[in-house]
Amino acid sequence: MEQVWAEYSLPGLFLSAFISSTLLPGGSEALLAWEVSQRGEWLLPVLVATAGNLLGSLLTFVMGVWLRRRYPLRILSERHRRAEQRLKRFGPSALLLAWLPIIGDPLCLVAGWIGFSWRLSALLIGLGKLARYLAVAGLIQL
């Protein structure tokens, strides 16, 4: 059983983190905490979870880019227009909060729809998600 765990735990963590950062529900923090506690080290699991979570968010960002091409911003409802204006006011730095439950995934989607730079967006999303996973791993290591 231990060999199965060793072979599939990191790919499972990556997949869980990826799914958790798309518009689908999920949570990879518990799996990361378990992985860190089993391994006794935090760096590799944190990097794997961050990579999966970042790629999932970038998929959501690309979905926003696709929506922008299909449904230009000029046809937004008043509620959507207010959300767009708020995100534009805070700029790409708001993507540091992409790790937050409920609002993080829509932030990535709207950032793609607005047309934020994907490079800067990826950097900021990645930093926020890395910080969250470092916090989870740090709590386990206490």
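The following refers to the structure shown.

Conventions and cut-offs
Per chain, residues are indexed from 1 in the order of the written sequence. Totals for whole chains, interfaces and linings use every residue, but because this is a predicted model, local features are given only for residues with pLDDT of at least 70 and side-chain atom pairs only at 80 or more, for both listing and counting. Excluding hydrogens and water, the side-chain values take into account all heavy atoms of the structure. Only DSSP runs of H or I reaching four residues or more are called helices, and only runs of E reaching two or more are called strands; each is numbered from the N terminus. For every residue, the accessible area (1.4 Å probe, protein chains only) is compared with the maximum for its type, and the residue is labelled buried under 20%, exposed over 50%, or partly exposed between those bounds. For this analysis, residues touch if any pair of their heavy atoms sits within 4.5 Å. Only protein atoms enter the 1 Å grid used here, on which a cavity is any set of points holding a 1.4 Å probe that cannot leave and a pocket is any open set flanked by protein within 12 Å on both sides along at least five of seven lines; residues with an atom within 4 Å of a point are listed as lining. Grid points are joined across faces, edges and corners, and a volume is the space filled by probe spheres set on the points. Any residue outside Ala, Val, Leu, Ile, Met, Phe, Trp, Tyr, Cys, Pro, Asp, Glu, Lys and Arg is labelled polar, Gly included; the first ten of those are nonpolar and the last four are charged. Planes of paired rings set the category: under 30 degrees apart is stacked, over 60 is edge-to-face and the rest tilted, where pairs are Phe, Tyr or Trp rings (Trp by its six-membered ring) whose centres lie within 6.5 Å. Throughout this description, the term charge over a ring refers to an Arg CZ or Lys NZ atom that lies within 6 Å of the ring centre and within 35 degrees of the ring normal. Note that His is not counted, nor are the chain ends; the positive residues are Lys and Arg, and the negative ones are Asp and Glu. Salt bridges are defined as contacts in which a side-chain nitrogen from Lys or Arg sits within 4 Å of a carboxyl oxygen from Asp or Glu. We define a nonpolar core as any set of buried Ala, Val, Leu, Ile, Met, Phe, Trp, Tyr and Cys residues linked to one another through side-chain atoms lying within 4.5 Å.

Our focus in this paragraph is the environment of tryptophan 99. Residue position: tryptophan 99 is located in the loop between helix H4 (78–90) and helix H5 (104–114). Overall, the relative accessible area of 33% leaves tryptophan 99 in the partly exposed class. In sequence terms tryptophan 99 and isoleucine 114 are 15 residues apart; their C-alpha atoms lie 19 Å from each other. Dropping the residues within four chain positions of it, tryptophan 99 is found in contact with Gly128, Lys129 and Arg132.

On to the layout of surface pockets, then. Here the second largest pocket defines a volume of roughly 290 Å³. Contributing to the lining of the second largest pocket are 21 residues, with Ser20, Gly26, Trp99, Leu100 and Pro101 lying nearest its centre. For the lining of the second largest pocket, the secondary structure elements donating two or more residues are H5 and helix H6 (118–141). Within the lining of the second largest pocket, the residues separate by chemical class into 10 nonpolar, 7 polar and 4 charged.

Evaluated as defined, the whole model comprises 0 aromatic pairs. A cation sits over an aromatic face here: arginine 132 above tyrosine 133, 4.3 Å from the ring centre.

With that settled, the discussion passes to unusual backbone geometry. Positive phi values are uncommon outside glycine, yet isoleucine 102 reaches one of about 70°. Mapping isoleucine 102 onto the fold places it in the loop between H4 and H5.

This part is about the side chain of arginine 132. Structurally, arginine 132 is set in helix H6. Once you skip the residues sitting within four places of it in the chain, arginine 132 turns out to touch Glu29, Asn53 and Trp99.

Summarising the element assignment, lysine 129 is placed in helix H6. It turns out lysine 129 is buried and unbridged, and the closest side chain with the opposite charge, aspartate 105, is 5.2 Å from it.

Moving on to the nonpolar core. Counting 13 residues, the largest nonpolar core has Phe61, Leu87, Leu95, Ala111, Phe116 and Ile125 as the members making the most contacts within it. Residue assignment for this core shows that the elements contributing at least two residues are helix H3 (43–70), H5 and H6. In terms of residue count, H5 provides more of this core than any other element does, 4 residues in total. Setting aside chain neighbours within four positions, we find phenylalanine 61 in contact with Cys108, Ala111, Gly112, Phe116, Ser117, Trp118 and Ser121. Of all hydrophobic cores here, the second largest spans 12 residues; its members include Ala17, Val36, Ala49 and Ala137.

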